[in-house]
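# Report on the structure
Take a look at the letters that make up each chain.
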Amino acid sequence: SDEPLVLGIETSCDETGVGIVRGETLLVDTVASSVEEHARFGGVVPEVASRAHLEAMVPTIERACRDAGVALRDLDAIAVTSGPGLAGALLVGVASAKALAVALDKPIYGVNHLASHVAVDIVEHGPLPEPTMAMLVSGGHSSLLLVPDITNDVRSLGATMDDAAGEAFDKVARVLGLPFPGGPHIDRAAREGNRIAIDFPRGLTMGRDLERHRFDFSFSGLKTAVARWVETRHRAGESVPVADVAASFQEAVVDVLTRKALLACKEHEVEHLLIGGGVAANSRLRALAQERCDMAGVTLRVPRPGLCTDNGAMVAALGAQMVAKGREPSDLGLPTDSSMPV
Ligand code: KG4
């Protein structure tokens, strides 16, 4: 095959991801997570994450190559997340990628983490329509991106002003006594609850707020509202209806996300919406997004949950696009940038 064979390395947060793709075909996606080491701290600890990446890196690369039946010398390029993310964690991935690139004499491509969350859907659902609207919702990001060309033209329309969507899920889960990371637990608890039981606030969706922050998000007011609601119950000595709180909170988040995503599609006349990032695994978000896309005549693309959370396949997928489109590789001085814009 003359399609580029690319290995991707992702270490922006707590997953050590190594993926290999050939063109638009995923060969392997290997992830070693340190999430359990962070659980007792209730959040990701940067120092712990960096050390775990260093320990996991070589075995994860070896496992990926073995499982894909690929020899390192056959690769056409190495791709690596160079930002945004945790500074020390990114450094481990980028240093590893540089070492591979030098040892193998292969080109290296530094890629943006947000763009690769979008690009991963190419190995799942084929080429991206141009333009595509992308909404990224994870533990670290909530962004709306207009994507005319994933390899060199990704425009940020808006982002969170405070907490990321996943962060809100994790913090509310903590208030409800659910384990970290809380998103999947809230998703599960919400299935037994009533999503209109409590009318929680929808930030930046009305009046002047909406005018000024059309495609921005704010979830900290919602998080505080849930915490207050629960605290009031506790103080009164009443039990907390966990399922109803989870369902009502979740509805507030996904209502805002889907409303703004479809507004962005409408105003920018885009007919394809892609949702990525860890929160895209949320079952209610998927259902409501599908419902609203159907009504608006917008096609919805959501990668399978395993490809929505951080992984190496997404980096390899974007790297392969860069090679295929003839983009210039990075030089070996490739820096990391923990707050890299798209
Ligand atoms: O993309 P990701 O793996 O990495 C980070 O950016 O951290 O996203 C993890 C986030 C966590 O906040 C987690 O609670 C959330 O995604 N998440 C979910 C679900 N599954 C994971 N949130 C809501 N519903 C889910 N089913």
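Keep in mind the model is a prediction, meaning the values are calculated, not measured.

Looking now at the domain arrangement of the protein. For the protein, the domain assignment lists domain 1 (5–120 + 311–324) and domain 2 (129–303). A straight line from the C-alpha centre of domain 1 to that of domain 2 covers 27 Å. Taken together, the contact pairs 17 residues of domain 1 with 15 residues of domain 2. Contact between domain 1 and domain 2 buries roughly 1,200 Å² in total, counting both sides, with carbon and sulfur atoms accounting for 81%. On the domain 1 side of the interface with domain 2, the three residues burying the most area are L114, H117 and V118, jointly 43% of the side's total.

Attention now goes to the packing of aromatic side chains. All told, the structure shown has two aromatic pairs when counted by the stated rule. Judged by centre distance (5.1 Å) and plane angle (75°), the ring pair of F169 and F249 falls under edge-to-face. Pair noted here: F169 is in helix 6 (residues 165–175) and F249 is in helix 10 (residues 242–267), with a separation of 80 residues, a long-range link. Considered together, F169 and F249 belong to a single accessibility category, that of buried residues. Here F217 and F219 contribute two aromatic rings whose centre-to-centre distance is 6.0 Å and whose plane-to-plane angle is 10°, an arrangement assigned as stacked. Both residues of the pair, F217 and F219, count as buried.

A word on the site of the ligand. Taken together, 18 residues sit near the ligand, with D170, G183, D187, G278 and N282 positioned nearest. A distance of 3.1 Å is found between an oxygen atom of the ligand and a backbone nitrogen or oxygen belonging to G166. D187 is positioned such that a nitrogen or oxygen atom in its side chain is 2.9 Å from a nitrogen atom of the ligand. Coverage of the ligand by the protein chains reaches 89% of its 550 Å² of free accessible surface.

What follows is about the sheet that holds strand 10 (residues 299–301). Sheet architecture is open: five strands sit in the order 8-7-6-9-10, paired in mixed fashion. Each edge of the sheet is formed by a strand with only one pairing partner; in this case those strands are strand 8 (153–159) and strand 10. Strand-to-strand, the axes of this sheet are offset by a mean angle of 25°, without reference to chain direction. Pairing of strand 9 (residues 272–276) with strand 10 involves three bridges; the strand directions are parallel. Directly across from L273, in strand 10, lies its bridge partner L300.

So, on to the sheet that holds strand 5 (residues 108–112). With respect to topology, five strands assemble into an open sheet ordered 3-2-1-4-5, the strand pairing being mixed. The sheet is open, and its two borders are formed by strand 3 (25–33) and strand 5, each paired with just one other strand. Ignoring which end each strand starts from, the neighbouring axes of this sheet average 20° apart. Relative to strand 5, strand 4 (residues 77–83) is paired through five bridges, and the arrangement is parallel. If you follow A79 over to strand 5, its bridge partner there is Y109. On top of the sheet, helix 13 (residues 313–324) reaches strand 1 (5–10), strand 2 (15–22), strand 3, strand 4 and strand 5; it is set at about 135° to strand 1, its chief contact.

This paragraph deals with the pairing of strand 1. For strand 1, the tally of buried residues reaches six of six residues, placing the bulk of the element in the interior. The alternating pattern of strand 1 places L5, L7 and I9 and V6, G8 and E10 on opposite faces, both of which are buried. Sheet analysis places strand 1 next to strand 2, joined by six bridges and oriented antiparallel. Paired with L7 across the strands is I20, a residue of strand 2. The hairpin turn running from strand 1 into strand 2, its antiparallel successor, is four residues long.

About the thresholds
- Residues numbered from 1 in each chain as written.
- Predicted model: local features only at pLDDT ≥ 70, side-chain atom pairs only at ≥ 80, totals over all residues.
- Heavy atoms only, no water.
- Domains from an automatic or database assignment.
- Contact = heavy atoms within 4.5 Å.
- Buried area = accessible area lost by both parts, 1.4 Å probe.
- Phe/Tyr/Trp six-rings, centres within 6.5 Å; stacked < 30°, edge-to-face > 60°.
- Helix = DSSP H or I, 4+ residues; strand = E, 2+ residues; numbered from the N terminus.
- Buried < 20%, exposed > 50% of the residue type's maximum accessible area, 1.4 Å probe, protein only.
- Near = heavy atom within 4 Å.
- Polar contact = N/O pair within 3.5 Å; in protein donor to acceptor, adjacent residues only side chain to side chain.
- Areas by Shrake-Rupley, 256 points an atom, 1.4 Å probe, with all protein chains shown as cover.
- Pairing = 2+ DSSP bridges.
- Axes fitted to C-alpha atoms, helices over the stretch in contact; angles between N-to-C directions.

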